[in-house]
Amino acid sequence: MLSISDFSEMCCLSPQTLRFYHSEGLLVPAEVNEQTGYRSYTFDQIEQAMLITVLRGAGMSVKLVRRALDEPDTAHALLRQHAADVQREREAQDEAISDAHELLSSWPQAHVRHVPEMTVVSKVVPGPPAGLNQYDWAQADAALYATVREVIETVESCGVVVSGTPWRAPAIETPEQKKQNLTAAGPHWLVKIPVATDDNALAALPGDIEVQTFEARTELSIRIPGKSSMAKYGTALSRLAAHPLDDAFIDFSRIRQVLHDDSVETTVAICKLDEATNL
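As a starting point, this report considers the structure included with it. Since this is a predicted model, take the numbers as computed values, not measurements. (Residues numbered from 1 in each chain as written. Predicted model: local features only at pLDDT ≥ 70, side-chain atom pairs only at ≥ 80, totals over all residues. Heavy atoms only, no water.)

**Focus on the layout of surface pockets**
The cut-off we apply is this: Site definitions follow a grid-based scheme: protein atoms alone, a 1 Å grid, a 1.4 Å probe that fits but cannot get out for cavities, and for pockets an open set with protein on both sides within 12 Å along at least five of seven lines, plus lining residues having an atom within 4 Å of a point. Grid points are joined across faces, edges and corners, and a volume is the space filled by probe spheres set on the points. Put simply, DSSP H or I for four residues or longer makes a helix, DSSP E for two residues or longer makes a strand, and each gets a number counted from the N terminus. Only Asp, Glu, Lys and Arg are considered charged in this grouping, and only Ala, Val, Leu, Ile, Met, Phe, Trp, Tyr, Cys and Pro are considered nonpolar; every other residue, Gly among them, is considered polar.
When its volume is computed, the largest pocket comes out at roughly 450 Å³. Residue lining of the largest pocket: 18 residues in total, with Glu173, Lys192, Phe214, Arg217 and Arg254 positioned closest to the centre. Counting only elements with at least two residues in the lining of the largest pocket, the list comes to strand S6 (167–170), strand S7 (189–195), strand S8 (210–214) and strand S10 (248–259). With four residues, the single largest contributor to the lining of the largest pocket is S10. Within the lining of the largest pocket, the residues separate by chemical class into nine nonpolar, three polar and six charged. Taken as a whole, the second largest pocket encloses approximately 360 Å³ of empty space. What lines the second largest pocket is a set of 18 residues, among which Glu95, Tyr145, Gly226, Lys227 and Asp261 lie closest to the centre. Elements supplying a minimum of two residues to the lining of the second largest pocket: helix H5 (75–105), helix H6 (137–157) and strand S11 (263–272). For the lining of the second largest pocket, a count of residues per class yields six nonpolar, five polar and seven charged.

So, in structure tokens, the structure goes:
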């Protein structure tokens, strides 16, 4: 039998770690003295300690390691799943690092631009599942991009040509949408995709895809790298609201987010004061 100090030295695991593994049922001593609480281990347990060390070194949680030990037939599958999770985390970290470099190198600035009139197709993005306590941007984006892919496949199958970058806009175009937009269930967004004009092809689209005219306008735009988040959305709104305009104001009811591959561009329509007076 090996004392905990000898076993600790042989396995390169501190006594504190061995006590923790014992409490978690991961590496239970061969014997525990009832009077003193001293733990003793066998030489055979060195193998188990080595395997635990390797799996923990790979980043597996104690819970996953315990499952791998208790269910040896599932160990390979658990390790593969863990490796896939780690890869996704690394990709997310790489993306975050890239975004951070871009933000630190050149902070996004708002600028004015003119957008011409165009024909777009529009579809409602499904709202989030019931029961969510807070707005989940990742889940909202997943539903958004799924709708974008669906609409593009549908319009192209009807012979309609996509002619520009998709965007999303708040689902507030009808009284019913405005009412639902304020609820947790939504829907909260509409997908808009520019298309080339072809009356016959557009007429063949299904009823849940609406054909609209996007009117030409001057707008204020800011582009922030990376995926959407509440913080980035709030930053965009703050920057747009603070941007100085001469004899004009921004209309936040006509906000949209253009969906670039590496960033999200938030834009709002600019209204001249004399135009507003004439309305």
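**Some details on the sheet that holds strand S9 (residues 217–225)**
Stated precisely, the cut-off is as follows: By definition, two strands form a pair when at least two bridges between them are found by DSSP. Fitted lines through C-alpha atoms give the axes, limited to the stretch in contact for helices. The angle between two N-to-C directions lies from 0 to 180 degrees. Whether two residues touch is decided by their heavy atoms; if any such pair falls within 4.5 Å, the residues are in contact.
The strand order across the open sheet formed by eight strands is S4-S9-S11-S10-S6-S7-S5-S8, and the pairing between neighbours is antiparallel. This sheet does not close on itself; its edge strands, each paired only once, are strand S4 (111–115) and S8. Neighbour to neighbour, the strand axes of the sheet diverge by 40° on average, direction disregarded. Across nine bridges, the pairing between S10 and S11 is antiparallel. Across the sheet, the residue bridging to Gln257 is Thr266, located in S11. With respect to the sheet, H6 is in contact with strand S5 (118–124), S6, S7 and S10, its orientation differing from that of S7 by roughly 35°.

**Some thoughts on unusual backbone geometry**
For the bond running from Gly186 to Pro187, omega is 10°, close enough to zero to count as cis. Among the structural elements, Pro187 can be located in the loop between helix H7 (175–181) and S7. For Cys12, which is not glycine, the phi dihedral falls at a positive 55°. Position of Cys12 among the secondary structure elements: in the loop between helix H1 (4–11) and helix H2 (15–23). With a phi angle near 55°, Asp247 is a residue other than glycine that sits in the positive phi range.

**Things to note about the environment of Glu265**
The criterion, for reference: For each residue, the accessible area found with a 1.4 Å probe, counting protein chains only, is set against the maximum for its type, and the residue is called buried under 20%, exposed over 50%, and partly exposed in between. Here a polar contact means two N or O atoms within 3.5 Å. Within protein one must be a hydrogen donor candidate and the other an acceptor candidate, and residues neighboring in sequence count only if both atoms are side-chain atoms.
Following the sequence through the fold, Glu265 ends up in strand S11. Judged by its relative accessible area of 5%, Glu265 is buried. Taking the C-alpha atoms as reference points, Glu265 and Phe20, separated by 245 residues in sequence, lie 49 Å from one another. In this structure Glu265 touches His111, Arg113, Ser221, Ile222, Arg223, Arg256, Gln257, Val258 and His260, once residues within four positions along its chain are discounted. At 2.7 Å, the side chain of Glu265 and the side chain of Arg113 are in polar contact.

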